[in-house]
Protein chains: 2
Amino acid sequence: MEVFHKIVDIQNELAEVRKNGKKIGLVPTMGALHDGHASLIKTSVAENDVTVVSVFVNPTQFNDKNDLKNYPRNLEADGRLINNCGADYIFAPSVDEIYPEPDTRHFEYPPVSTVMEGAHRPGHFNGVCQIVSRLFYITTPDVAYFGEKDWQQIAVVKAMVKDLNINVKISECPIIRDKDGLALSSRNSLLSTDERAIAPTIYKTLVASIDFAKNHTVQETHDYVVENINSVNGLKVEYFSIVDGLTLQDVATWDTTPYVVGCITVYCGKKPIRLIDHIKYKEQ
Amino acid sequence: MEVFHKIVDIQNELAEVRKNGKKIGLVPTMGALHDGHASLIKTSVAENDVTVVSVFVNPTQFNDKNDLKNYPRNLEADGRLINNCGADYIFAPSVDEIYPEPDTRHFEYPPVSTVMEGAHRPGHFNGVCQIVSRLFYITTPDVAYFGEKDWQQIAVVKAMVKDLNINVKISECPIIRDKDGLALSSRNSLLSTDERAIAPTIYKTLVASIDFAKNHTVQETHDYVVENINSVNGLKVEYFSIVDGLTLQDVATWDTTPYVVGCITVYCGKKPIRLIDHIKYKEQ
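Calculation notes
- Residues numbered from 1 in each chain as written.
- Chains lettered and ligands numbered in written order.
- Predicted model: local features only at pLDDT ≥ 70, side-chain atom pairs only at ≥ 80, totals over all residues.
- Heavy atoms only, no water.
- Helix = DSSP H or I, 4+ residues; strand = E, 2+ residues; numbered from the N terminus.
- Expected span 1.5 Å × (residues − 1).
- Buried < 20%, exposed > 50% of the residue type's maximum accessible area, 1.4 Å probe, protein only.
- Arc of directions from axis to C-beta.
- Contact = heavy atoms within 4.5 Å.
- Pairing = 2+ DSSP bridges.
- Axes fitted to C-alpha atoms, helices over the stretch in contact; angles between N-to-C directions.
- Buried area = accessible area lost by both parts, 1.4 Å probe.
- Salt bridge = Lys/Arg side-chain N within 4 Å of Asp/Glu carboxyl O.
- Polar contact = N/O pair within 3.5 Å; in protein donor to acceptor, adjacent residues only side chain to side chain.
- Nonpolar A, V, L, I, M, F, W, Y, C, P; charged D, E, K, R; others polar.
- Parallel < 35°, antiparallel > 145°, perpendicular 65-115°, else oblique.
- Left-handed = near helix turned anticlockwise from the far one by under 90°.
- Least-squares fit on C-alpha atoms with pLDDT ≥ 70 in both.
- Domains from an automatic or database assignment.

Identification of chain A as Pantothenate synthetase from Xylanibacter rodentium is taken from an unreviewed UniProt entry.

1. A short note on helix H11 (residues 218-230) of chain B
Residues and elements named next belong to chain B. In this model H11 runs 18 Å from its N-terminal to its C-terminal C-alpha over 13 residues, within 8% of the 18 Å that 1.5 Å per residue would give. Along H11, the residues classified as buried are Val218, Thr221, Val225, Val226 and Ile229. Down the axis of H11, the buried side of the element spans an arc of 125°, and every buried residue falls inside it. Those residues of H11 that are buried lie in contact with helix H10 (201-213), strand E7 (235-244), strand E8 (260-268) and strand E9 (273-282).

2. What about the sheet that holds E8 of chain B?
Residue and element names in this part refer to chain B. With antiparallel pairing, 3 strands are arranged side by side in an open sheet as E7-E8-E9. Each edge of the open sheet is held by one strand with a lone partner, namely E7 and E9. Between one strand axis and the next, the sheet turns by 15° as a mean value, whatever way the strands run. Sitting on the sheet, H10 touches E7, E8 and E9, and the angle it makes with E9 is about 20°.

3. Section: the sheet that holds strand E7 (residues 235-244) of chain A
Residue and element names in this part refer to chain A. Spatial ordering of the open sheet is given by E7-E8-E9, a layout of 3 strands whose pairing is antiparallel. Looking along the sheet, the strands with just one partner apiece sit at the ends: E7 and strand E9 (273-282). Across this sheet, the average inter-strand angle for adjacent strands is 15°, counted without regard to direction. Sheet topology places E7 next to strand E8 (residues 260-268); 9 bridges connect them, and they run antiparallel. Of the residues in E8, the one forming a bridge with lysine 236 is tyrosine 267. The sheet strands contacting helix H10 (residues 201-213) are E7, E8 and E9, and the helix crosses E9 at an angle near 20°. Lying over the sheet, helix H11 (residues 218-230) contacts E7, E8 and E9, oriented at roughly 160° with respect to E7.

4. Section: the interface of chain A and chain B
Counting from both sides, the interface comprises 24 residues of chain A and, opposite them, 24 residues of chain B. Carbon and sulfur atoms supply 50% of the area buried between chain A and chain B, which totals about 2,400 Å² over both sides. As a salt-bridge pair, aspartate 163 of chain B and arginine 134 of chain A come within 3.0 Å of each other at their nearest N and O atoms. The interface formed by chain A and chain B includes 12 residue pairs in polar contact (both at pLDDT 80 or more). At the level of elements, helix H1 (7-19), helix H5 (95-98), helix H7 (124-139) and helix H8 (151-164) of chain A are the ones that each hand at least two residues to the side of chain A that touches chain B. Split into classes, the residues belonging to the side of chain A that touches chain B amount to 9 nonpolar, 8 polar and 7 charged.

5. Side note on the packing of H7 of chain A against helix H7 (residues 124-139) of chain B
Interhelical geometry of H7 of chain A versus H7 of chain B gives an angle of 50° and a closest axis separation of 11 Å. On the basis of the axis angle, H7 of chain A is oblique to H7 of chain B. In terms of crossing hand, the pair formed by H7 of chain A and H7 of chain B is left-handed. Contact residues: H7 of chain A offers Ser133, Phe136 and Tyr137 of chain A, while H7 of chain B offers Ser133, Phe136 and Tyr137 of chain B. For the contact of H7 of chain A with H7 of chain B, the per-class residue count stands at 4 nonpolar, 2 polar and no charged.

6. A look at the relation of the copies chain A and chain B
With an axial shift of 0.0 Å and an RMSD of 0.0 Å, the rotation relating chain A to chain B amounts to 180°. In symmetry terms, the pair is related by a two-fold rotation axis. Of every C-alpha in chain A, the one belonging to arginine 105 of chain A sits nearest the axis of rotation, 2.3 Å from it. Looking at the interface residues of chain A, 100% of them are also at the interface in chain B, so both copies use one shared face.

7. Topic: the pattern of salt bridges
Residues and elements named next belong to chain B. Summed over all chains, the structure comprises 37 salt bridges over all chains. A salt bridge links lysine 158 to glutamate 172; the nearest nitrogen and oxygen atoms lie 2.3 Å apart. Taken together, the residues span a long stretch of sequence, with lysine 158 in helix H8 (residues 151-164) and glutamate 172 in strand E6 (residues 169-173) at a distance of 14 residues. Owing to a relative accessible area of 37%, lysine 158 belongs among the partly exposed residues under this scheme. The exposure class of glutamate 172 is partly exposed, given its relative accessible area of 32%. The partner of arginine 274 in a salt bridge is glutamate 238, and the shortest N-O contact between them spans 2.7 Å. Of this pair, arginine 274 sits in strand E9 while glutamate 238 sits in strand E7, placing them 36 residues apart in sequence.

8. Looking at the domain arrangement of chain A
Residue and element names in this part refer to chain A. With domains assigned, chain A is organised as domain 1 (2-173) and domain 2 (186-278). Here domain 1 meets domain 2 over a buried area of about 1,700 Å², counting both sides, of which 60% is carbon and sulfur. Where domain 1 touches domain 2, the interface holds 2 salt bridges. Between aspartate 67 and arginine 187 there is a salt bridge, and its shortest N-O distance comes to 3.0 Å. For the pair domain 1 and domain 2, the interface holds 7 residue pairs in polar contact (both at pLDDT 80 or more). Contributing elements (two or more residues each) for the side of domain 1 that touches domain 2: helix H3 (65-70), helix H6 (117-120) and H8.

Below, the structure written as structure tokens:
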């Protein structure tokens, strides 16, 4: 496995790889890797000739400076995990390498980029599109792997790929959970023991709401989830949106569309740590 | 030679080409091809395994709706010229194919994108970056060919390529002139016989100004060019800027930088037709 910090170096390497007709998989990450990332990397290794894992905490997608400052970083442990998963290359550039000048491009894909996370984290998806479009130019992947935990992010990246006609397949990989159901997230490492103990309530409530939904309306199910989670001291729902799984538009009833997903963001603890999760009520 | 109108078709074709390790040259054009374009295409054919010529009148780079409406179009003649030059593929998409939705990306590369054409054609270079960045995603060229007639455009495209780390070489090809010195331009076909007769004054004056400059200041040379061209009934200088050939910043004296170019835009005739040209006073 080789580690590249400079764009020109990995571009030269991958140009050779590509000339040899090899298929390139890209797993874009912000580091602080966990089993969720490992599952993405292993899938890419299985499906491609060459796998590149990028590790870059992208400042332009953080709307909160403290969140950026506190975001966990551990390139050494990340390198071991990536190596163990069988990837070929790590691309770990500096911020100056990626953004020697500010990125002035503005990406807008309403409604998928403007609802939920788009509404609560202004500029977040714009930053995601800025970095992902750059990584696609730099690594020219055949397939790029994204985790379903960031449900809305996949919809936004797909909208961008379609909009810009980038010749890359976006592969969605299932969310990976801890034994108690908590969705794996790099931010989980920032939870105190007490906070970690209450965080599984989020997924437990989402699972319970599937049964509840069977004889309740969308609005009643929404309120059930929010009230149950908020009743735990230390948890505070930012939003819970029950939406069409593709357009991410709110659904009025369970019959509005064939694909219904509930997306939630919860603040946990005193710092607080922002956790996201989702549940599928109806699948396509 | 094959003609593609759909993005997915040319992407599939070029993905195969690329898998076979072949080198791809791209010549982006707006059609209405002349010998200047032919020289770009022939250079690409000589230097690459496969040459793609795109023919697309990009609406987002026109700040003037009438200019867009009147811009000459002739895909049949263009096809013959491209075929005669030995190119392999024409990519001629519709506007809806390229922009099913508005492009919200904003590209800013001051000073090269903000002076001269950037100042006089608001949004022009933003549109150029929108289409060129898309063409690069669509055709994944190793080398892209641009004519030096659009001097500033090359600087802007290079700034974008550097900014977005696109792995493509930008190849600049010399301006091609008619026998009487007029820079070849698709817009020349819009000139009346009378207008065509006076248009060569632009280049003749620029050439004469090289001698004039030897014992006059930058400002005096500027005024000499503007006054001489404006003295011709039917010609009106929009701007004449004597600038550093790389940064495109105005130079105060001939010794300010080692590379000095004079860039001019002239309105010709009654419609009027906007013609651009340039002259090198000092080369690197």
